[in-house]
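Letter by letter, the chains look like this.
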Amino acid sequence: MCDLSHHHDPQARQFGFLVEAPEIRALIDETRRLMREVPDHAARVEALKPAFSRLLAADGWLPDAFAQPDTTSGMGGGIGQYALYRDEAGELCLFSLVVPPGAATPVHDHLAWGIIGVYRGEQLDTTYARLDDGADAGRASLRVTSEHVAPTGSFYTLLPPDGDIHFVKTLSAEPSVSIHLLANDTACVWRHRFDPDAGKIGRAHV
């Protein structure tokens, strides 16, 4: 059963455009076109950057309810996650992630190519490389490969396995809001949650 706990609007449809906005439709249409026409993941993500930049630069399309911290979230720290679009086939989703000032997500992976952009606020993004071969499902050896400050309007790409494991922390005085476009359905995928210091790995919807 998919975890739809971050669909806080009781009137929201289960699939399709959970937020109706021309900017969202334009991005999803362009993404679908490129999925048909560009087979290489890296080339497709590169081609998506102009459309994603236009979404980040536009004002007024994200409802306030989808940009608020969530004290009931299973991620803790008041972090909120809100679906904006979900493909019924599980091949594409768009969601907002709200991280309060000073809070940080768990270290996690995505298991899909995609793009993450900062719509409001400022984040510190810390990315890891996995050093082990994954033979032990409960253990993982990680090392930090990069740290960079991501201000409003900036974005970074996901191309597993490189750069797919990270966490973000809000640096701004206001909550950061990032927009995630992923080639899966985050509500229906058990991804991995890592504890780098202990070398442990678990499952989590993050």
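Fair warning: this is a prediction, and the values are worked out from it, not measured in the lab.

1. Describing the overall build of the protein
Then, number 1: For the protein, the count of helices and strands is two helices and twelve strands.
Then, number 2: Per-residue burial for the protein yields a buried fraction of 47% across its 206 residues.
Then, number 3: Partitioning the intrachain contacts of the protein with sequence separation of at least 6 by distance along the chain shows that 73% fall at a separation of at least 24.
Then, number 4: As presented, the protein carries roughly 9500 Å² of accessible surface, and 51% of it is formed by carbon and sulfur atoms.

2. Considering helix α1 (residues 22–37)
Then, number 1: Under the 1.5 Å per step criterion, the end-to-end length of α1 is 22 Å for 16 residues, consistent within 8% with the ideal 22 Å.
Then, number 2: The elements touched by buried residues of α1 are β1 (16–17), α2 (41–57), β2 (80–86), β3 (93–99) and β10 (176–182).

3. Overview of α2
Then, number 1: The end-to-end C-alpha separation of α2 is 24 Å, in line with the 24 Å expected for 17 residues at 1.5 Å each.
Then, number 2: Taken together, the buried positions of α2 are Arg 44, Val 45, Leu 48, Ala 51, Phe 52, Leu 55 and Leu 56.
Then, number 3: For α2, the secondary structure elements touched by its buried residues are α1, β5 (114–120), β8 (155–158) and β10.
Then, number 4: For α2, the N-terminal cap is Asp 40; the gap from its side-chain oxygen to the backbone nitrogen of Ala 42 is 3.3 Å.

4. Considering the sheet that holds β10
Then, number 1: The strand order β1-β2-β3-β10-β5-β8 describes an open sheet built from six strands, whose pairing is antiparallel. At either end of the open sheet lies a strand with only one pairing partner, and these are β1 and β8.
Then, number 2: With four bridges joining them, β5 and β8 adopt antiparallel strand pairing. Bridging from a neighbouring strand, Ile 115 pairs with Thr 157 of β8.
Then, number 3: Lying on the sheet, α2 is in contact with β5, β8 and β10; it crosses β5 at an angle near 20 degrees.

5. Some words on the packing of aromatic side chains
Then, number 1: Summed over all chains, the structure comprises five aromatic pairs.
Then, number 2: On the numbers, 4.9 Å between centres and 45 degrees between planes, the contact of Trp 61 with Tyr 119 is tilted. Remark: Tyr 119 occurs in strand β5 and Trp 61 occurs in the loop between α2 and β2; sequence separation between them is 58 residues. Exposure class is identical for Trp 61 and Tyr 119. Each is buried.
Then, number 3: The ring of Phe 17 carries Arg 25 above its face, with NZ or CZ at 4.0 Å from the centroid.

6. Quick look at the side chain of Ser 178
Then, number 1: Residue position: Ser 178 is located in strand β10.
Then, number 2: Within polar-contact distance, the side chain of Ser 178 engages the side chain of His 180 at 3.0 Å.
Then, number 3: The contacts of Ser 178, once residues within four sequence positions are left out, are Phe 95, Ser 96, Leu 97, Ile 116, Gly 117, Val 118, Tyr 119 and Gln 123.

7. Observations concerning the nonpolar core
Then, number 1: Ile 24, Trp 61, Leu 84 and Ile 179 are the most contacted members of the largest nonpolar core, which totals 31 residues.
Then, number 2: Here the element with the most residues in this core is α2; it accounts for six residues.
Then, number 3: Contact partners of Ile 24, with chain neighbours within four places excluded, come to Phe 17, Val 19, Leu 55, Trp 61, Leu 84 and Leu 94.
Then, number 4: Residues Cys 93, Val 118, Tyr 156 and Leu 158 belong to the second largest nonpolar core, which totals nine residues.

8. Describing the packing of α1 against α2
Relative orientation and spacing of two packed helices are given, respectively, by the angle between their axes and the distance between those axes.
Then, number 1: Packing of α1 against α2 leaves a shortest axis separation of 10 Å and a crossing angle of 170 degrees. With respect to each other, α1 and α2 are oriented roughly antiparallel. Residues Glu 23, Ile 24, Leu 27, Glu 30, Thr 31, Leu 34 and Met 35 of α1 pack against Arg 44, Ala 47, Leu 48, Ala 51, Phe 52 and Leu 55 of α2.
Then, number 2: Partitioned by chemical class, the residues of the contact of α1 with α2 number nine nonpolar, one polar and three charged.

Reading the values: the criteria
- Residues numbered from 1 in each chain as written.
- Predicted model: local features only at pLDDT ≥ 70, side-chain atom pairs only at ≥ 80, totals over all residues.
- Heavy atoms only, no water.
- Helix = DSSP H or I, 4+ residues; strand = E, 2+ residues; numbered from the N terminus.
- Buried < 20%, exposed > 50% of the residue type's maximum accessible area, 1.4 Å probe, protein only.
- Contact = heavy atoms within 4.5 Å.
- Areas by Shrake-Rupley, 256 points an atom, 1.4 Å probe, with all protein chains shown as cover.
- Expected span 1.5 Å × (residues − 1).
- Polar contact = N/O pair within 3.5 Å; in protein donor to acceptor, adjacent residues only side chain to side chain.
- Pairing = 2+ DSSP bridges.
- Axes fitted to C-alpha atoms, helices over the stretch in contact; angles between N-to-C directions.
- Phe/Tyr/Trp six-rings, centres within 6.5 Å; stacked < 30°, edge-to-face > 60°.
- Lys NZ or Arg CZ within 6 Å of the ring centre and 35° of its normal.
- Core = buried A, V, L, I, M, F, W, Y, C linked by side-chain atoms within 4.5 Å.
- Parallel < 35°, antiparallel > 145°, perpendicular 65-115°, else oblique.
- Nonpolar A, V, L, I, M, F, W, Y, C, P; charged D, E, K, R; others polar.

Note that every value here comes from positions in space, so none of it alone points to a role or purpose.
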